[in-house]
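Here is how the chains run, residue by residue.
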Amino acid sequence: MLHITDPHLFAEPDSCLRGTNTRESLQDVLDHILAKGWNADLVALTGDLIQDDTRGAYRRVRDMIDVLHLPVLCVPGNHDIRDLMRDELRDLPYRYCAACQHGNWTVIGIDSCIDGEARGRVAAEELERLDKILATTDADHALICLHHPPLPVGSRWLDTVGLENSREFLDRITASGKVRGAIFGHVHQAFDGEFAGIRIIGTPSTCRQFAVNSDEFALDDNPPAYRRIELWANGSIEDQLVWLEH
């Protein structure tokens, strides 16, 4: 599978997090994937997809992603309007916060949004949905996709706007015995950690205009990038972080 996160499309040009060329940055990522001819059966697209939050913007995103001809699992970020995202990306091959079966794995999208807030929270009904999926799936292993980081990533600012109820979320995924990994966006930097034997992986943004401040952000901020993830039948996860500018 492929992990793409935080393109921040169609944004206000004076924002430090994004700019006028964010659409081109995502297009560069998609062109790179196509040129490499990567074999994948799913694209996980996590969070902060667009900024102007209009139906037309989501349709333009669909037009861009369609070139991959792959199923897309869409997980919203805190700036997405979820009803619009759900409506415009509801048809297959687009899945909004769904559970997708791949071999003996279940890939689960989790909504961690709070409208108008920078910090994310997995709502009680989402935790219940996660419990139900993990309890009923026939898969041996599970990978969780969400937007906000469930662990500190070493960034002074971003660690304050991560997942508000991270302990509750982590307790749920460790209790099942099936979860092998969690991937997230939001942090605009590479991250690879572990919690109780579960891989926790963050992928840098496709947004080239992210403003780096060494006092707040990690030194490896260098978007755009995406990640290739291989889910093995034995429960192991193999990944490759692909930087476009290297």
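Figured I'd write up the structure that's included with this text. (Residues numbered from 1 in each chain as written. Predicted model: local features only at pLDDT ≥ 70, side-chain atom pairs only at ≥ 80, totals over all residues. Heavy atoms only, no water.)

### Quick notes on the sheet that holds strand 10 (residues 198-202)
Item 1. If you trace the 6 strands from one edge of the open sheet to the other, you get 5-6-7-8-10-9, paired in mixed fashion. Bordering the open sheet on either side are strand 5 (99-102) and strand 9 (191-195), each of which pairs with just one other strand. When strand polarity is set aside, the average angle formed by the axes of neighbouring strands in this sheet is 20°.
Item 2. With 4 bridges connecting them, strand 8 (residues 179-184) and strand 10 associate as parallel partners. (Pairing = 2+ DSSP bridges. Helix = DSSP H or I, 4+ residues; strand = E, 2+ residues; numbered from the N terminus. Axes fitted to C-alpha atoms, helices over the stretch in contact; angles between N-to-C directions.)

### Focus: the nonpolar core
Item 1. Of all hydrophobic cores here, the largest spans 44 residues; its most connected members are M1, I4, L49, L73 and I183.
Item 2. Considering every element that reaches this core, the biggest residue donor is helix 2 (residues 55-65), with 5 residues.
Item 3. Residues V122, L146, L170 and V179 belong to the second largest nonpolar core, which totals 26 residues. (Core = buried A, V, L, I, M, F, W, Y, C linked by side-chain atoms within 4.5 Å. Buried < 20%, exposed > 50% of the residue type's maximum accessible area, 1.4 Å probe, protein only.)

### Quick look at helix 4 (residues 124-136)
Item 1. Between the first and last C-alpha of helix 4 there are 18 Å, a value that for 13 residues agrees with the 18 Å anticipated at 1.5 Å per step.
Item 2. If you check which residues of helix 4 are buried, you get E126, L127, L130, I133 and L134. Here the buried residues of helix 4 occupy an arc of 125° about the axis, which is enough to place them on one side. Away from its buried face by more than 90 degrees, helix 4 exposes E125, E128, K132, A135 and T136.
Item 3. Buried residues along helix 4 sit against strand 5, strand 6 (105-109), strand 7 (141-145), helix 5 (166-175) and strand 8. (Expected span 1.5 Å × (residues − 1). Arc of directions from axis to C-beta. Contact = heavy atoms within 4.5 Å.)

### A word on the packing of aromatic side chains
Each aromatic ring pair is characterised by the separation of its centres together with the angle its planes make.
Item 1. Under the defined criterion, the tally for this structure stands at 1 aromatic pair.
Item 2. Seen from their ring centres, F184 and F191 are 6.0 Å apart, and the 50° between their planes marks the pair as tilted. F191 shares its class with F184; the two are buried. (Phe/Tyr/Trp six-rings, centres within 6.5 Å; stacked < 30°, edge-to-face > 60°.)

### Regarding the pattern of salt bridges
Item 1. Under the defined criterion, the tally for this structure stands at 7 salt bridges.
Item 2. E164 serves as the salt-bridge partner of R121, at 3.1 Å between the closest nitrogen and oxygen. Taken as a pair, R121 in the loop between strand 6 and helix 4 and E164 in the loop between strand 7 and helix 5 lie far apart in primary sequence, 43 residues in all.
Item 3. Note on R121: relative accessible area 35%, which makes it partly exposed.
Item 4. In this structure, D171 engages R167 in a salt bridge whose closest nitrogen and oxygen atoms are separated by 3.7 Å. Placement of both D171 and R167 in helix 5 is noted, with a separation of 4 residues, approximately one turn of the helix.
Item 5. One network of salt bridges, in which partners are shared, links D192, R199, R227 and D239. (Salt bridge = Lys/Arg side-chain N within 4 Å of Asp/Glu carboxyl O.)

### A word on the sheet that holds strand 1 (residues 2-5)
Item 1. One open sheet accounts for 6 strands, arranged 4-3-2-1-11-12; its pairing is mixed. In this open sheet, the two strands that pair with only one neighbour each are strand 4 (94-96) and strand 12 (237-243). Sheet twist, expressed as the mean angle between neighbouring strand axes with direction ignored, is 25°.

### Regarding the pairing of strand 10
Item 1. Of all the 5 residues making up strand 10, 5 are buried; the element is thus mostly covered by neighbouring parts of the structure.
Item 2. Residues of strand 10 alternate between two faces, with I198, I200 and G202 on one and R199 and I201 on the opposite face, all of them buried.
Item 3. Judged from the 5 bridges that link them, strand 9 and strand 10 form a sheet pairing that is antiparallel. Paired with D192 across the two strands is I201, which belongs to strand 10.

### As for the pairing of strand 8
Item 1. The buried fraction of strand 8 amounts to 5 of the 6 residues, a majority that puts the element mostly inside the structure.
Item 2. Read from strand 7 through helix 5 to strand 8, the crossover connection turns out right-handed. (Right-handed = clockwise from strand over helix to strand, strands pointing away.)

### Remarks on the side chain of T206
Item 1. Tracing the backbone shows T206 in the loop between strand 10 and strand 11 (225-231).
Item 2. In this structure T206 comes out as buried when scored by relative accessible area, which is 0%.
Item 3. For T206, the residues in contact, after removing those within four places along its chain, are I4, T5, D6, P7, S25, L26, V29, P224 and A225.

### Points about the environment of I33
Item 1. One can find I33 in helix 1 (residues 22-36).
Item 2. On a C-alpha basis, the gap between I33 and Y226 in space is 9.0 Å, while along the polypeptide they are 193 residues apart.

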